[in-house]
Amino acid sequence: MARIIETATGAVEKTDVDPVVLDLIENGLRNARYEMDEVLFRTALSPGIREQHDEFPLIGDPSGKMVVGQFGLSIPDFLDGFDDTVEEGDVLLTSDPYACGAAISHANDWLIVVPIFRDGRVVGWASMFGHMSDVGGKTPCSMPTDARTIYEEGVVIPPFKLYSKGVLNEDALRIILNQVRMPDWNRADLNGLVAACRTASRRVVEMCERFGTATYLSALDALLQRNYDAMKVLLGLVFEEGRTLSFTDWICDDGVGNGPYELKLSLTRTGEKVHLDFTGSSPQAAGPINYYINENLTRMFFGIYMITVADPQILWNDGFYPLVDVTIPDGSYWKPKHPASLNGRNHGIGRVFDLFGGLLGQTNPALLNAAGFSSSPHFMYSGNYSSGDRKGEWFQLYSIGFGGIPGRPLGDGPDGHSLWPSFVNIPCEYLESYYPLRIEKWETVSDTGGAGLHRGGNGVDVAYVFEEPGTIAIHDDRWLTYPWGVNGGAPGARGTKWLERPDGSREVLPSKCHDVPVAPGDVLHFVTWGGGGWGDPLEREPALVELEVRRGLVTVDGARRYGVVIGDAAATERLREELRAARPAELPVFDMGPPMEEILANCEAETGLPAPRRPVWN
């Protein structure tokens with residue numbers, strides 16, 4: 001456990017905070033969090049961080065509780081695993097999930113933690129992690145889809161002082177950067193993370209100087225207490241005492257032939273508290289899809305669905321955590337035993353949002369979203385230039401893709417959008433300028449969004465034309481199971497990937513593969529899944545369906561899923577009457593698609609890929 005060295009003596013007296021001052025401090029923290037982002041974006045070199053914003057900041061109180069942040073990570077868990085002193089000027093670094101209680105979840109994430117001191121006293125913490133495009137290991141981008149241990153996934157950095165009292169540990173950094181394929185990128189991205197945390201530290205000290213340390217710390221307590229009080233009320237309103245809610249979804253496969261992996265989550269309220277229980281989920285995977293999830297991160301996901309829906313203006317934080325108990329079985333998909341591989345946990349990160357949505361939406365189906373946060377698709381391409389001025393030079397691309405966002409109570413899901421609100425795509429112009437490839441098309445795929453009163457977002461087909469020999473890697477999911485629809489809405493389409501060769505041949509690729517050779521002229525079609533539909537598709541306005549047919553979002557045949565015959569209102573009425581008569585009077589809350597055994601039996605015929613083997617506990 002970390003030993004905090006403070007020179008200040010005596011406690012800081014708690015004080016009442018004027019509501020105006022509280023509002024100023026709240027917005028000051030919010031602005032500091034966004035300034036952290038901008039500092040990193042302007043100093044990073046890797047496109048994953050600079051262009052796509054694959055990073056997550058946090059500002060905490062003196063105990064490490066998150067007061068403002070984007071994704072959440074657990075500073076207390078990091079400090080529990082850090083066996084050293086922490087002093088003013090120190091900058092702490094790790095990339096080892098097993099050493100920090102899963103404050104991060106795979107070795108590509110480099111986590112920086114900085115104590116914020118004022119007058120010899122810790123007044124908070126600044127922290128940020130970013131996904132490094134490469135951390136060594138046996139494959140470019142360090143995400144081998146057949147890895148069975150974390151040792152195959154690149155350098156794993158134990159918690160240590162990158163800076164000790166402001167002095168850089170140059171030898172340690174040199175050893176770390178010697179393990180990676182593009183050290184300039186890693187150095188720039190790491191420097192950006194440090195600079196962002198130091199920026200947050202300055203802003204916190206400025207607020208302490210402006211309002212006084214006692215007022216600032218008391219304001220943090222008030223912000224945390226506000227979230228606690230809000231959640232306490234919400235739990236009593238939303239969840240029935242003693243009733244257990246459960247929901248199950250699936251990860252399709254683990255990259256080495258096993259699957260699907262059952263993901264089960266249950267919730268029970270007892271008194272003021274709720275209990276989240278992952279018991280019943282599948283065992284840890286042999287392949288690298290395990291999502292070692294921190295209990296506090298689980299609480300954060302829960303809070304996102306509760307507090308931000310009830311009052312989006314509240315500065316969301318960790319204050320309510322004492323109201324949520326969490327059980328995650330050891331050896332399960334959610335808490336694998338060391339040294340299980342973790343690099344492909346992006347599928348679980350996506351699926352956990354579907355899981356929470358399906359669980360919490362049962363209390364009020366009218367507010368339920370369909371499925372669509374089904375994965376975080378990754379595409380990698382690397383090699384050496386074979387000719388020209390750059391002959392022999394190494395190139396390496398890591399990028400995050402986009403799928404269909406689910407249909408929602410208030411409207412359609414966006415087509416081909418990001419899982420994370422702050423993520424953006426790498427512009428085609430950037431890709432074509434900096435990499436030996438061409439984007440032949442980047443378009444939504446008609447009918448891939450689930451039909452519904454509110455349509456699920458379509459998936460996208462990105463066609464990459466390669467101009468240099470190299471290798472590619474793919475990480476995605478929802479190729480076997482379906483993004484489910486809700487309240488009568490239909491499931492979205494599954495994703496698929498294939499290569500077209502110049503000779504006209506076509507090769508279907510698994511959703512998880514690496515070191516696939518490509519040659520100039522080869523075309524990769526990276527087609528992602530669609531979002532599930534929301535509500536009865538026969539209630540959708542025929543004029544809207546016809547508009548979407550004209551826009552290429554729905555086909556003429558696909559319009560019939562909505563009971564719409566293009567250009568014929570009378571035929572539309574007759575078709576809708578026939579479809580209503582042929583279905584149950586009460587539409588299901590969830591439409592998961594065919595039963596699992598049927599999906600597995602038809603897998604190869606429908607997808608061109610063999611069915612995975614069902615996982616078993618060892």
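Residues numbered from 1 in each chain as written. Predicted model: local features only at pLDDT ≥ 70, side-chain atom pairs only at ≥ 80, totals over all residues. Heavy atoms only, no water.

Colleague: Now, about the environment of N296: what can you tell me, with residues and values included?
Modeller: Residue placement: N296 occurs in helix α7 (residues 295-310). Spatially, the C-alpha atom of N296 lies 8.9 Å from that of D77, the residues being 219 residues apart in sequence. In contact with N296, not counting residues within four places along its chain, are S74, D77 and Y321. In this structure the side chain of N296 is engaged in a polar contact, spanning 3.2 Å, whose partner is the side chain of S74. A polar side-chain atom of N296 sits 2.9 Å from a polar atom in the side chain of R299. (Helix = DSSP H or I, 4+ residues; strand = E, 2+ residues; numbered from the N terminus. Contact = heavy atoms within 4.5 Å. Polar contact = N/O pair within 3.5 Å; in protein donor to acceptor, adjacent residues only side chain to side chain.)

Colleague: Requested: an account of unusual backbone geometry, with residues and values cited.
Modeller: Between G259 and P260 the backbone carries a cis peptide bond, its omega angle lying at -10 degrees. Mapped onto the elements of the fold, P260 is located in the loop between β10 (244-251) and β11 (261-270). With an omega of 10 degrees, the peptide bond running from H338 to P339 counts as cis. Within the secondary structure layout, P339 lies in the loop between β13 (324-327) and α8 (346-360). A positive phi angle is found at K165, which is not glycine, with a value near 50 degrees. In this structure, K165 sits in the loop between β8 (160-164) and β9 (167-168). Judged by its relative accessible area of 54%, K165 is exposed. (Buried < 20%, exposed > 50% of the residue type's maximum accessible area, 1.4 Å probe, protein only.)

Colleague: Provide a residue-level description of the packing of helix α1 (residues 19-41) against helix α5 (residues 183-211), including the pertinent values.
Modeller: Relative to each other, α1 and α5 sit at 160 degrees, their axes nearing to 8 Å. Between α1 and α5, the angle is such that the two are roughly antiparallel. With respect to the hand of their crossing, α1 and α5 are arranged in right-handed fashion. Two secondary-structure elements touch here, α1 through V21, L24, I25, G28, L29, A32, E35, M36, V39 and L40 and α5 through D189, G192, L193, A195, A196, C197, T199, A200, R203, M207, R210 and F211. Grouping the amino acids of the contact of α1 with α5 by side-chain chemistry returns 15 nonpolar, 3 polar and 4 charged. (Axes fitted to C-alpha atoms, helices over the stretch in contact; angles between N-to-C directions. Parallel < 35°, antiparallel > 145°, perpendicular 65-115°, else oblique. Left-handed = near helix turned anticlockwise from the far one by under 90°. Nonpolar A, V, L, I, M, F, W, Y, C, P; charged D, E, K, R; others polar.)

Colleague: Talk me through the sheet that holds strand β16 (residues 437-444); I want residue IDs and the actual numbers.
Modeller: In spatial order, the strands read β16-β17-β23-β20-β21; together these 5 strands make up an open sheet with antiparallel pairing. Looking along the sheet, the strands with just one partner apiece sit at the ends: β16 and β21 (506-509). Here the strands of the sheet are splayed against their neighbours by 15 degrees on average, with no regard to which way each runs. Bridge analysis of strand β20 (residues 496-500) against strand β23 (residues 523-527) gives 5 bridges, and the strand direction is antiparallel. The residue bridging K497 from the neighbouring strand is F526, located in β23. (Pairing = 2+ DSSP bridges.)

Colleague: Which residues make up the pairing of strand β17 (residues 460-466), and what values go with them?
Modeller: Here β17 lies mainly inside the structure; 7 of its 7 residues are buried. Burial of the side chains of β17 extends over both faces: V460, V462, Y464 and F466 are buried on one face and D461, A463 and V465 on the other. Of the pairings in the sheet, the one linking β16 to β17 comprises 7 bridges and is antiparallel in character. Looking at β17, one finds that I439 is bridged to Y464. Pairing analysis gives 5 bridges linking β17 to β23, with the strands arranged antiparallel. Within β23, the position partnered with Y464 by the bridge is L524.

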